[in-house]
Structures are given as structure tokens and as C-alpha cells.
Amino acid sequence: MKPEHADQPSSQGLPARLLVVDDEPRLLSSLASLLRSQGYEVTEAEGGERACELIDQHSFDLALLDLRMPGVDGFDVMAQLTGKQPDCGTIVVSGESSFAAVSRALRRGALDYIRKPFDPEELLATVESVINKQSLMRAHEHIQVRLEKSEALHRYIVNTSPDIVFMLDEEGYICFINSKVESLLGYQPEELCGQHFRQILDDRDVSKGTYALKGANITADNPRTLEVRLKTRGSQQATRHFEITAFPIDPQTWPHTGDSQIGATPKSARYYGTARDVTERKEAEAFINFQAYHDLLTRLPNRALFKDRLELAIAQARRGNEKLAVMFLDLDRFKIINDTLGHAMGDRLLQAVTQRLEKCLRKGDTLSRFGGDEFTLLLPAIHDNDDARQIARKLIRALQAPFQLGEHEVFVGVSIGIAIYPEAGENLDQLIQSADIAMYHVKGRGKDGYRFYSQTMSVDTANRLNLERDLRLALERDELRVFYQPQVCSRSNRIVGLEALVRWQHPERGLLYPGDFLPLAEETKLIVQLSEWVMDRAFRDVGDWIRNGHPDLRLAVNLSPTQVEHPRFVDNLVGRMTKQHFPPDNLEIEITENVIMSDLDQISHKLRELATVGVRIAIDDFGTGYSSLNYLHRLPIHTLKVDQSFVRAIRSGEDGACIVNAIVAMAHGLKLEIVAEGVETDEQLSYLRNLGCHQVQGFFYGPARPAQEVFKALEERSVKAVSF
């Protein structure tokens, strides 16, 4: 059982708690009364047995007891106190005066011995002295405990600090360093003590670090703060960044460190401080700075950094009366690859392209990723245009070899526009714009080449921009038209198919043909939207004619490479046929050999899907592209269209007709249908009919016409030469 008041020591201002033990009631009462008169809290115990019971129940500061008591004597009570309340002092008040008894009591822990009969003043003085002595001992023990706890706390704080804590002498030698140095730098504290702190400074920061401690203005209110790099153990190259804060030590208040702790020497300390690891912060700052001025995918300078360097290069060229070149690079066929294989493969391709381009640069050149698949290149201090020309050719050659992306082998080209300072512009915006304009002229000529900017390009560009604006509005204002050119049976003159061709009824320029605006539509990515509009309109027109008396009529539609190479090409086409209720068996799509061979595996898969639902496949302009018999065997091809350039070569007795002969013979051998384009004369028609080419189209039967005129001819069931 816990004694009462166990948590209330007398040292906290309460009266001392005294236990008085005697087997004589009169003496017990007299002694208790005397002690109470002095303000003590007194508990009486008549005999040793009662005293032991009270010791189990209450807490006491001092016990006054007789030695000779029946049953449980004073020595037994002392033993009980020692076991249960070791902090309780004992004074023996007894008539037993033998040396043996007194010696035994003192050995058992008695603090004093008073012989009966006692002098009241002597007894009170003894009690007061013992209590004061106990109070002093308790206070001393309490202070010692607090000091030990404080020392342990400070040691814990220093050694578990997230920072390195150190002390240096006047010369910069380490007097003390905490154990954090081991986890941060790999050193044991004891191996660094006595060493100069420059031993762990990075070589690049030795001068800065040693100079920092020589300043005369270091005070407690103005500590020395600096950032340095510290070497990790075992590698001269591995460094970490630290922020050092050093304070001076007043020799009067702390003359030396002592040698009682690990990681300390008895030298006199002059400075103390902390070293905080700021490596992550420095790396984050470096990354943020890099991110602000670089493209994270390719690690190249971004647009902002490129403009900074170009601005500086222009200033230097102006002062030195020199030339510089700005190139604008746009990858050809990148969008197709990116859409087909996915953005992850597109990113890998950009990284591979970057590596090849960087190998072509001179020291001092700046290659930048301007955005998407566009790059810019700064060539400072060139002698003449030929320097830029050589670099451009080198860049084009570097990208000619195929790129391996996983299981796919892909090809990309590059269109390069070149602007020379100061002819093409005297500031960065003019130079970049001029290079951009020149690059678009390369695109217009067929891509994969380079051109220097000239003043005449600005006029062409203005016209191009106006036409682009008008083309976007044409889609909104319903200015596009679908014309149809018949595909005619050469024996019966019956219309067997219609090729849908787009026209643009421009409000100012009149009727424009595909060659006037389709290249621009391809370049500005409007071709897909335009082609989808043409298909929807053709599906409606021809679908109505099929359902109204012409069930075998075939619709031929030209598809752009951008459409065919799109990952969802098949789904989009089938979805549009379904929406317009157009029968797939009546549709024939026309694509060129070049589109097929750009990615044979992907294209062949798409064409097989379309053939499965009934769509026919025709090769347009056959003979002008790869002309590989291999793909004709691999793909579900139904029709070959002989290019009009070969048809024009048909003359009586001329060798030009041999190409047509070969194509028709090939088609017959492969059991393919054949359509000859560009038939304009009776001579050409007769030659083709005799050769076995039974489907033709061209101006012999008239140009492409609007839907109303086509429907009228369909109703007449046949078409005559030049009357259509």
C-alpha cells in the first residue's frame, strides 16, 4: 500500500512529518506534545508493532524512537523504515546507553542518539539540525539530478541536431564536432578533432572558408555566415553544400572545451557554430534554374534561353561587323509517327533526333527546342552563307538514316529555313520570323531540304496567311463544293463509278481547284477537317443515288496521308459510313504508293480491316511511286489507277505506251481492275480499250461537274464523249 503524502516532501514548504515511537504512553505523549509545540506534524506509535503499521500507511520525514520495546524493538522499526522509506531519517531517544547499542543504532542509519531523560531544548535543537541537514541533502541531490538531466539534454540536442555542431580554436583547428558529421560526411568525430577545418573543405572553397574567419567584425550579433562545399570521406569529388554560421566565444566565459566528450580536444575554443546541409536546396535551385531555361525532354536550351543567346550574339556581331545565322528546323513526318506509335515513342524520337543534331554542331553554336517538333539553331560568327549551307546539309544527312523505336524502324526528315544577320533582320524577332518563313517555303516545295530567306518570301507569306485565313472561314461559311468525275466503262460508255473531287468557291478569287489550296490545307493541318467534310457530302449524294436506282454505283474518294496514318483512321471512316447509311461495298478509297510504303506494317493492317467490311482499295497514280510488286501481293488491293502522265504518252507507234502496256498486263496477271486517268482523246481511248483497260476517266468525257449535272447523266444511263 502506498503511504499517504508520498508525493509531498517537506521541502516544498509543508511542516516536517515526524513519527514518535515509545512503549511508555506518558513519555510518548510528552515527546509528541513538545514537538507539536514547534509546528511539526507528529504521529504517535505506542510500541514497535504499531510503528510498523504506520510506516506501511504513511510517509514520514523523521522518526524518533526508543530502542528497548517489547516484541518489535527499535532496531526492527529501523529495519522497516530502511526497507519501506529509505529517505526517512532516524533519531534514537532511548535509555539504553551502552556503547554496543549506540554503535549498532548508528550503523543501522540513525542520524543522532539522545539519551533519556532528555533535555527538551537539546532534543529540539537536534531535531531541527537533522531536518535542515536532510533538506540540504535533498536539495543537493535535486540539483545534481537536474544538472545531469540538463547535461544529458544538451548532449542529446547537440548529437541529434540535424546540423553539424563544431568548435574551432583561434587558428581554425577543430576542438569539438558532434556525431552528425559521421552521417553527413562519413567522418568519425574523434578523427577530425585536432585537424584544421580546411581538410574537409572542397578545394574550390578553401580560400573562401579560411578568409571568412579572419574578419574582425565577427560578433555574437553579427556572426559569420557563408556557403561552402564539404568533401565526403573517401572521395575528393563527392561534395555536399553547407551553410556555415560561426559565432565568437568569449574566453572569459568558456576558456576551453575540456576533453570529457568524444569528439573534443582540450584546446581553447575561439569559435562555435553550425553547418547545415543545404545540398537538396541547392540542387532544387539548380533544377528550377535549369527548368526555366531548358527543355526537360531533350535537355536543350528552350525558347527563352535561345533568345537570350541570340540577343547577345547579335550585339557581338554588330560590334564586330560580323554575320550570324539563325536556322528554323521542323521535322517532317513527326506528327504521323507520334500519332501512330504514341507520345512515348514520339518523345524517344525527339531525344534521338536531338543526339544526332548535336553531333553536327560547332563549339559555340546553340541548338534549341522551340516547341513540339520545331528546333532553332544559332550559328554565331559565320564568314558567309556557305558556312550555314554546310551545316544545313550536315543536319539533313544526319537524319536520313532510320531511327529504331522498339520494334519499329521510322524515317524522319527535316525542313530548314535559314536567316542571315543582318540581311534577313537586325533583331531577334525579325531573324526568327525570317527563318520560319524560309522553312515554310521548304515545306511548300516538298519538305526535307533547306532555303535561305529572301525579301520576296515576305510577299508570298502574306498571300499564304490570307489564304489560310480564308480557308478556315470557308469551312465555316460552306464555301466548299464536291464535284464528281465519272469513271466510265470503255466498251459501253456507262458510268460505273464517280470520283469525288473538292472545289472551293472563293468569294473573291472564284472557283479554286485542289492544287490551289490542298497543299496549304495539308501544311496547316486543316486537311483532315476538309476531307471529312467532303466524305460526308459525297456519302449523302452518292448514297441517295445508290438507293434510287443505281445500286452498283461506286464512289471513289482520295484520302490524304494524314488521314490514313491517323491511329483511328478505320474507326473514323466506318463510323462516317454508318452515320450516313452508306453501303461499304460501294466505296473505293484511293491512296498513293508512297503512303503505303511510309509504314507498310501499319497501313496494311488498316487496309485489311477495311477490306473485311467490304471497302475496296485502289492505288492512285500507280507507277509514280515505289511500284513494288511485293506490297501488291501483301495488301488487299482491288484496283490500279494508271497515272495520266503515262496515258498522255500514248501515241501511235511511240515507245511511251510500253509503260501502260506493262501496267495493264500486271493488273491482268494479278487479277486487279484497272482505271486509266487523264483520257482526253479518242486515240487514247481506243488504245486502252484494245489493251484490255475497260475503265477510264478524263476530259474525253468532260471535267468533274456538280452533283445536279452528274445525277442527270446517271439517269441517261450512258455518257458521250465531250458531252458530259
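On a predicted model such as this, the values are computed, not experimentally measured, just so you know.

How each quantity is defined
Residues numbered from 1 in each chain as written. Predicted model: local features only at pLDDT ≥ 70, side-chain atom pairs only at ≥ 80, totals over all residues. Heavy atoms only, no water. Helix = DSSP H or I, 4+ residues; strand = E, 2+ residues; numbered from the N terminus. Buried < 20%, exposed > 50% of the residue type's maximum accessible area, 1.4 Å probe, protein only. Contact = heavy atoms within 4.5 Å. Areas by Shrake-Rupley, 256 points an atom, 1.4 Å probe, with all protein chains shown as cover. Pairing = 2+ DSSP bridges. Axes fitted to C-alpha atoms, helices over the stretch in contact; angles between N-to-C directions. Core = buried A, V, L, I, M, F, W, Y, C linked by side-chain atoms within 4.5 Å. Arc of directions from axis to C-beta. Phe/Tyr/Trp six-rings, centres within 6.5 Å; stacked < 30°, edge-to-face > 60°. Salt bridge = Lys/Arg side-chain N within 4 Å of Asp/Glu carboxyl O. Expected span 1.5 Å × (residues − 1). pLDDT = per-residue confidence, 0-100. Parallel < 35°, antiparallel > 145°, perpendicular 65-115°, else oblique. Nonpolar A, V, L, I, M, F, W, Y, C, P; charged D, E, K, R; others polar. Left-handed = near helix turned anticlockwise from the far one by under 90°.

Novice: Please set out the overall build of the protein chain residue by residue, giving values where relevant.
Specialist: The helix and strand inventory of the protein chain stands at 26 helices and 26 strands. The buried share of the protein chain, reckoned over its 724 residues, is 46%. Summarising the internal contacts of the protein chain: among those between residues at least 6 apart in sequence, 64% fall at separations of at least 24. About 36,800 Å² of surface is accessible on the protein chain, with carbon and sulfur atoms providing 49% of the total.

Novice: Break down the sheet that holds strand β11 (residues 323-332) for me, with residues and values.
Specialist: The strand order across the open sheet built from five strands is β12-β13-β11-β16-β17, with neighbouring strands paired in mixed fashion. Two strands bound the open sheet, and with one partner strand each, they are β12 (366-371) and β17 (449-452). Ignoring which end each strand starts from, the neighbouring axes of this sheet average 20 degrees apart. Pairing of β11 with strand β13 (residues 374-382) involves seven bridges; the strand directions are antiparallel. Considered in β13, the bridge of M327 is made with L377.

Novice: Describe in detail the nonpolar core, supporting the description with residues and values.
Specialist: Formed by 78 residues in total, the largest nonpolar core has its most connected members in Y484, L555, L587 and I589. For this core, the leading source of residues is helix α17 (residues 527-547), giving nine residues. Apart from residues lying up to four places away in sequence, I589 is in contact with V557, L559, F569, L573, L607, L610, V615, R616, I617 and A618. L300, I382, I391 and L405 belong to the second largest nonpolar core, which has 36 residues in total.

Novice: Explain the environment of F411 to me, and be specific about the residues and the numbers.
Specialist: Mapped onto the fold, F411 is located in the loop between β15 (408-410) and β16 (413-421). The exposure class assigned to F411 is partly exposed, which follows from its relative accessible area of 42%. Separated by 78 residues in sequence, F411 and R333 place their C-alpha atoms 7.8 Å apart. The residues touching F411, leaving out its near neighbours within four places in the chain, are R333, I337, Q400 and P402.

Novice: Give me the lowdown on helix α2 (residues 48-57), citing residues and values where you can.
Specialist: For α2, the full list of buried residues reads G48, A51, C52, L54 and I55. The buried residues of α2 all sit within an arc of 165 degrees when viewed along its axis, so they share a single face. The elements touched by buried residues of α2 are β1 (17-22), β2 (41-46) and α3 (74-84).

Novice: Give me the lowdown on the packing of aromatic side chains, citing residues and values where you can.
Specialist: Within this structure, the stated rule accounts for nine aromatic pairs. Taking 5.5 Å as the distance between ring centres and 65 degrees as the angle between the ring planes, the aromatic pair formed by Y484 and W545 counts as edge-to-face. Here the residue Y484 occupies a position in strand β18 (residues 480-489), and W545 occupies one in helix α17, the gap between them amounting to 61 residues. Of the two residues, Y484 and W545, both sit in the buried class. Ring geometry for F700 versus Y701: centroids 5.0 Å apart, planes at 85 degrees, classification edge-to-face. We note that F700, like Y701, is buried.

Novice: Can you lay out the pairing of strand β21 (residues 554-558) for me, pointing to particular residues and giving the numbers?
Specialist: Of all five residues in β21, four are buried, a share of seventy percent or more. Where strand β19 (residues 495-506) lies against β21, four bridges are found, and the strand directions are parallel. Looking at the pairing, G497 lines up with R554 of β21. Relative to strand β22 (residues 587-592), β21 runs parallel, the two being bridged by four bridges. Its bridge partner being in β22, N558 is matched across the sheet by E590.

Novice: How would you explain the sheet that holds β2 if you had to name every residue and give the values?
Specialist: Taken together, the five strands give an open sheet; going across it, the order is β2-β1-β3-β4-β5, and neighbouring strands pair in parallel fashion. Each edge of the open sheet carries a strand with a single partner, namely β2 and β5 (112-115). In this sheet, neighbouring strand axes are inclined to one another by 20 degrees on average, regardless of whether the strands run parallel or antiparallel. With four bridges joining them, β1 and strand β3 (residues 62-65) adopt parallel strand pairing. Bridge pairing links V20 to L64 in β3. This element, α2, spans β1 and β2 of the sheet and lies at about 135 degrees to β2.

Novice: So what's going on with the pattern of salt bridges? Residues and values would help.
Specialist: In the structure shown here, the tally under the stated rule is 35 salt bridges. For E243, the salt bridge identified is with R281, shortest N-O distance 3.9 Å. On the criterion of sequence distance, the pair formed by E243 in strand β9 (residues 239-248) and R281 in helix α9 (residues 279-293) is long-range, its members being 38 residues apart. Taking relative accessible area as the criterion, E243 reaches 27% and is therefore assigned partly exposed. One salt bridge connects R469 with D470, and the closest N-O pair in it is separated by 3.2 Å. Residue class for R469 comes out partly exposed when judged on its relative accessible area of 45%.

Novice: Describe α17, with residues and values.
Specialist: Spanning 21 residues, α17 covers 29 Å between terminal C-alpha atoms, matching the ideal 30 Å at 1.5 Å per step. Looking at the residues trailing α17, positive phi occurs at G549, about 105 degrees.

Novice: Give a detailed account of the confidence of the model for the protein chain, specifying residues and quantitative values.
Specialist: Mean pLDDT over the protein chain works out to 84, with 89% of the residues at or above the 70 mark. The least confident element of the protein chain is helix α22 (residues 629-634), whose mean pLDDT is 71; the most confident is β21, at 95. Note on residues 1-11: pLDDT under 50 across the span, and 24 contacts to partners over four residues away in sequence or across chains. Contacts of residues 255-262 to residues separated by more than four positions or lying in other chains number 21 contacts, the stretch itself having pLDDT below 50.

Novice: Can you tell me about the pairing of β12, naming the residues and giving the values?
Specialist: Counting buried residues along β12, five of its six residues qualify, which places the element largely inside the surrounding structure. Relative to β13, β12 runs antiparallel, the two being bridged by five bridges. Across the sheet, the residue bridging to T366 is L378, located in β13. The loop that links β12 with its antiparallel partner β13 comprises two residues; one of these, G372, has a positive phi angle of about 60 degrees.

Novice: Residues and numbers for the packing of helix α11 (residues 334-341) against helix α12 (residues 343-358), please.
Specialist: Two numbers describe how α11 lies on α12: the axes approach to 6 Å, and their chain directions differ by 140 degrees. Taken together, the axes of α11 and α12 lie oblique to each other. Between α11 and α12, the contacting residues are F334, I337, N338 and L341 on the first element and H343, M345, G346, L349 and L350 on the second. Of the residues belonging to the contact of α11 with α12, the class tally is six nonpolar, three polar and no charged.

Novice: Break down the packing of α17 against helix α19 (residues 569-580) for me, citing the residues and quoting the values.
Specialist: Where α17 meets α19, the closest approach of the two axes is 10 Å, and the angle between their N-to-C directions is 45 degrees. One element, α17, and the other, α19, form an angle in the oblique class. Crossing handedness for the pair α17 and α19: right-handed. Touching E532, M535, D536, F539, R540 and R547 of α17 are L573, R576, M577 and Q580, all from α19. Its residues placed into classes, the contact of α17 with α19 shows four nonpolar, one polar and five charged.

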